[in-house]
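# Residue-level structural notes
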Number of protein chains: 2
Amino acid sequence: MSITEENNMEGRKIVVAVDESEESMYALSWCLGNLLSQNHKPTSTLILLYIRPPLDVNGYLFANDVIATMEKHNSDLTNSVMRRAEAVYKNFNTTVAVEKKVGSGDAKYAICTAVEKLGADILVMGSHDYGFFKRALLGSVSDYCAKHVKCPLVVVKHPKAAKTRDDNLMHL
Amino acid sequence: MSITEENNMEGRKIVVAVDESEESMYALSWCLGNLLSQNHKPTSTLILLYIRPPLDVNGYLFANDVIATMEKHNSDLTNSVMRRAEAVYKNFNTTVAVEKKVGSGDAKYAICTAVEKLGADILVMGSHDYGFFKRALLGSVSDYCAKHVKCPLVVVKHPKAAKTRDDNLMHL
């Protein structure tokens, strides 16, 4: 194994999975501060990946204007997420190229597929830290990605989430 | 939230969980190439954390020389892991301070406790990618850590492991 060669930092593609949550914006800022700092050569590409919920209208009888409203809502959400992400990376003096990608579907599957297709070198995502019951019901996107993506995965926990969990544990 | 302040790179403590596996050595090299490169200011500390298996002799009648042999084996294993890790980080022209910590016990609990005690900013670990049955039996150290550590966790998959999984999937 040629270690230095395999870990070449030039031309890395760093995918950050963003969504409407504060956790994902914190993960993006962590990435900018730790993986794409000013000290890095500006050859890396930061890819902001947003997976919007699927607009599943099959099997339902929706009027066209309802579908249009749902589509508009999805589109507004995408713009809002990307604007928030833009505000975060403009806060850092980074010179890396930024690309924006939008997918659709179940986040965990869509993220893994996109990471593969984009040939990502690193995937960064926030952790929602749902707790036992919600995790059991919803599954965890980061758990799924940890098992299925080939590239290194960074799971960034928001400090507030970690603190809340500690407080909950103290009351048990 | 003051993003730039919270992600200050100065004085970071980066803990890499090392063991006798090739996966953990690959994770260490990934960390050196991506989180502790020459371009970083040398104020970060790299902490190599090795958790050796517990020497549980309670309830068994072992002769003293058997216990001594087991202890020697554990000690040899620790030295061997640390020597391998040393060879990896000497391969990189890193100027960061390196500390070595050795703990004992069930790896997943001991790593989480150590990360907390050391006040780590990042935990890096390899992924063994056991597959469904072994994972169900043994549980996954990285799964457990993802749920329980407060700091960002980097799970680095060895390229060979990712390739093997793909080959297995192709034969299903």
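Residues numbered from 1 in each chain as written. Chains lettered and ligands numbered in written order. Predicted model: local features only at pLDDT ≥ 70, side-chain atom pairs only at ≥ 80, totals over all residues. Heavy atoms only, no water.

### Some remarks on the overall build of chain A
- When helices and strands are tallied, chain A shows seven helices and five strands.
- Taken from N to C terminus, the helices and strands of chain A fall in the order α-β-α-β-α-β-α-β-α-α-β-α.
- Looking at chain A as a whole, 47% of its 172 residues qualify as buried.
- Counted over contacts in chain A with a minimum sequence separation of 6, partners at least 24 positions apart contribute 78%. (Helix = DSSP H or I, 4+ residues; strand = E, 2+ residues; numbered from the N terminus. Buried < 20%, exposed > 50% of the residue type's maximum accessible area, 1.4 Å probe, protein only. Contact = heavy atoms within 4.5 Å.)

### A few points about the packing of aromatic side chains
All names here are of chain A.
- Scanning the model with the defined rule gives two aromatic pairs over all chains in all.
- Between Tyr109 and Tyr144, the ring centres sit 5.1 Å apart and the planes meet at 90°, which makes this aromatic pair edge-to-face. In this pair, Tyr109 is assigned in helix α4 (residues 107–118) and Tyr144 in helix α6 (residues 141–148), connecting sequence segments 35 residues apart.
- For Tyr144, a relative accessible area of 22% corresponds to the partly exposed category.
- Of note, Lys108 hangs over the ring of Tyr109, and the distance from its end group to the ring centre comes to 5.1 Å. (Phe/Tyr/Trp six-rings, centres within 6.5 Å; stacked < 30°, edge-to-face > 60°. Lys NZ or Arg CZ within 6 Å of the ring centre and 35° of its normal.)

### Some points on the pattern of salt bridges
Residues and elements named next belong to chain B.
- One pass over the full model with this rule turns up 13 salt bridges over all chains.
- The partner of Lys72 in a salt bridge is Asp76, and the shortest N-O contact between them spans 2.8 Å. A residue pair is termed a helical-turn pair when its members lie 3 or 4 positions apart in one helix, as Lys72 and Asp76 do in helix α3 (residues 64–90) at four residues.
- Of the charged contacts in the structure, one is a salt bridge between Lys90 and Glu86, with a shortest N-O distance of 3.4 Å. Of this pair, Lys90 and Glu86 both sit in helix α3, four residues apart, which is roughly one turn of that helix.
- Its relative accessible area of 59% is what places Lys90 among the exposed residues.
- Taking relative accessible area as the criterion, Glu86 reaches 24% and is therefore assigned partly exposed. (Salt bridge = Lys/Arg side-chain N within 4 Å of Asp/Glu carboxyl O.)

### Comments concerning the environment of Val154 of chain A
- Here Val154 of chain A is to be found in strand β5 (residues 153–157).
- By relative accessible area, Val154 of chain A is classed as buried at 1%.
- Val154 of chain A sits 28 residues away from Gly126 of chain A along the chain, and the two C-alpha atoms are 8.3 Å apart.
- Aside from chain neighbours lying at most four places away, what touches Val154 of chain A is Trp30, Leu35, Ile122, Leu123, Val124 and Met125 of chain A together with Leu153 and Val154 of chain B.

### Some thoughts on the packing of helix α2 (residues 22–34) of chain B against α3 of chain B
Residues and elements named next belong to chain B.
- In the contact formed by α2 and α3, the axes pass within 10 Å of each other and the chain directions differ by 35°. Crossing handedness for the pair α2 and α3: right-handed. For the pair α2 and α3, contact is made by Glu22, Met25, Leu28, Ser29 and Leu32 and by Val81, Arg84, Ala85, Val88 and Tyr89, respectively.
- When grouped by side-chain class, the residues that make up the contact of α2 with α3 number seven nonpolar, one polar and two charged. (Axes fitted to C-alpha atoms, helices over the stretch in contact; angles between N-to-C directions. Left-handed = near helix turned anticlockwise from the far one by under 90°. Nonpolar A, V, L, I, M, F, W, Y, C, P; charged D, E, K, R; others polar.)

### Thoughts on the packing of α4 of chain A against α6 of chain A
Residue and element names in this part refer to chain A.
- Relative orientation of the contacting elements α4 and α6 amounts to 35°, with a least axis distance of 9 Å. As for the relative orientation of α4 and α6, their crossing is right-handed in sense. Across from Ala107, Lys108, Tyr109, Ile111 and Cys112 in α4, the residues of α6 making contact are Val141, Tyr144, Cys145 and His148.
- Counted by class, the contact of α4 with α6 contains seven nonpolar, one polar and one charged residues.

### Some remarks on the sheet that holds strand β1 (residues 13–18) of chain B
- What the 10 strands build is an open sheet, ordered β3(A)-β2(A)-β1(A)-β4(A)-β5(A)-β5(B)-β4(B)-β1(B)-β2(B)-β3(B); its pairing is mixed. Each edge of the open sheet is held by one strand with a lone partner, namely β3 (97–104) of chain A together with β3 (97–104) of chain B. This sheet shows a mean twist of 20° between the axes of neighbouring strands, independent of strand direction.
- Judged from the six bridges that link them, strand β1 (residues 13–18) of chain A and strand β2 (residues 45–52) of chain A form a sheet pairing that is parallel. Its bridge partner being in β2 of chain A, Val15 of chain A is matched across the sheet by Ile47 of chain A.
- Running over the sheet, α4 of chain A touches β1, β2, β3 and β4 (122–127) of chain A and is turned about 150° from β2 of chain A. (Pairing = 2+ DSSP bridges.)

### Let's talk about the confidence of the model for chain A
Residue and element names in this part refer to chain A.
- Looking at chain A as a whole, its pLDDT mean stands at 81, while 73% of the residues score no less than 70.
- The lowest-confidence element of chain A is helix α1 (residues 3–6), averaging 38 in pLDDT; the highest-confidence one is β1, averaging 96.
- Here residues 1–8 is a poorly scored stretch, pLDDT under 50, and it has 16 contacts once near neighbours within four places are set aside; other chains count.
- In this model, residues 168–172 is a region of pLDDT below 50 whose contacts with residues beyond four sequence positions or in other chains number zero contacts. (pLDDT = per-residue confidence, 0-100.)

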